[in-house]
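Structural description and commentary
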Amino acid sequence: IVVAGESGQAVKATAYGRVAFADWLRGYGLLVVIDHGDDFMSLYGHNQSVLVEVGDWVQSGQEIATAGQSGNLSESGVYFEIRQQADPQNPEPWLKSP
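Read on for an overview of the structure. (Residues numbered from 1 in each chain as written. Predicted model: local features only at pLDDT ≥ 70, side-chain atom pairs only at ≥ 80, totals over all residues. Heavy atoms only, no water.)

The next thing to look at is the pairing of strand 5 (residues 40–50). Moving residue by residue along a regular strand, the side chains alternate between the two faces of the sheet. Of the pairings in the sheet, the one linking strand 4 (residues 29–37) to strand 5 comprises 6 bridges and is antiparallel in character. Counted as the bridge partner of Ile-34 is Ser-42 from strand 5. Connecting strand 4 to the antiparallel partner strand 5 that follows it, the hairpin turn spans 2 residues, and Asp-38 within it adopts a positive phi of roughly 50°. Across 6 bridges, strand 5 lies against strand 8 (residues 77–84) in antiparallel orientation. When the bridges of strand 8 are listed, Phe-40 appears paired with Gln-84. Note: strand 5 against strand 7 (residues 63–67), 3 bridges, orientation antiparallel. In the sheet register, Val-50 faces strand 7, and the bridge partner there is Ala-65. (Pairing = 2+ DSSP bridges. Helix = DSSP H or I, 4+ residues; strand = E, 2+ residues; numbered from the N terminus.)

The structure is reproduced here in structure tokens:
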């Protein structure tokens, strides 16, 4: 899903984990992938900037990037996806209310 947000707005990790990818990826723009263990990964794409590096451990709620439009997103925001064993899952249960 794409979560609307202002350019530069904080993008926060949805759960504790280790950064598996933090770079540009065609179709996703600036992308952060966090490995949460138990075959779960979260993806945060179309960021304006990335604030973590591969191998970093992150806490739930930690700022990992800033929202943007990289990768040809028409409006500012962040692409959010959850995968379990590489299969996309419904990400809504992982989202926290502001």
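The structure having been displayed, the exposition proceeds.
Take a nonpolar patch on the surface next. A cluster of nonpolar side chains, contributed by Ile-1, Val-3 and Leu-95, occupies part of the molecular surface with about 210 Å² of accessible area. In this fold, Val-3 is placed in strand 1 (residues 2–4). (Patch = residues over 30% accessible without salt bridge, like charges linked within 9 Å, V, L, I, M, F, W, Y side chains within 5 Å. Areas by Shrake-Rupley, 256 points an atom, 1.4 Å probe, with all protein chains shown as cover. Salt bridge = Lys/Arg side-chain N within 4 Å of Asp/Glu carboxyl O.)

Now for unusual backbone geometry. Even without a glycine there, the phi angle at Asp-38 is positive, about 50°. Here the phi dihedral of Gln-85 falls at roughly 50°; this positive angle occurs in a residue that is not glycine. For Gln-85, the position within the fold is in the loop between strand 8 and strand 9 (87–89).

Another aspect to go through is the packing of aromatic side chains. Using the criterion set out here, one finds 3 aromatic pairs in the structure. Look at Tyr-28 and Tyr-79: their rings are 5.5 Å apart centre to centre, the planes differ by 65°, and that puts the pair in the edge-to-face class. Of this pair, Tyr-28 sits in the loop between strand 3 (17–25) and strand 4 while Tyr-79 sits in strand 8; the two residues are 51 residues apart in sequence, bridging distant segments of the chain. Seen from their ring centres, Tyr-44 and Phe-80 are 5.4 Å apart, and the 45° between their planes marks the pair as tilted. (Phe/Tyr/Trp six-rings, centres within 6.5 Å; stacked < 30°, edge-to-face > 60°.)

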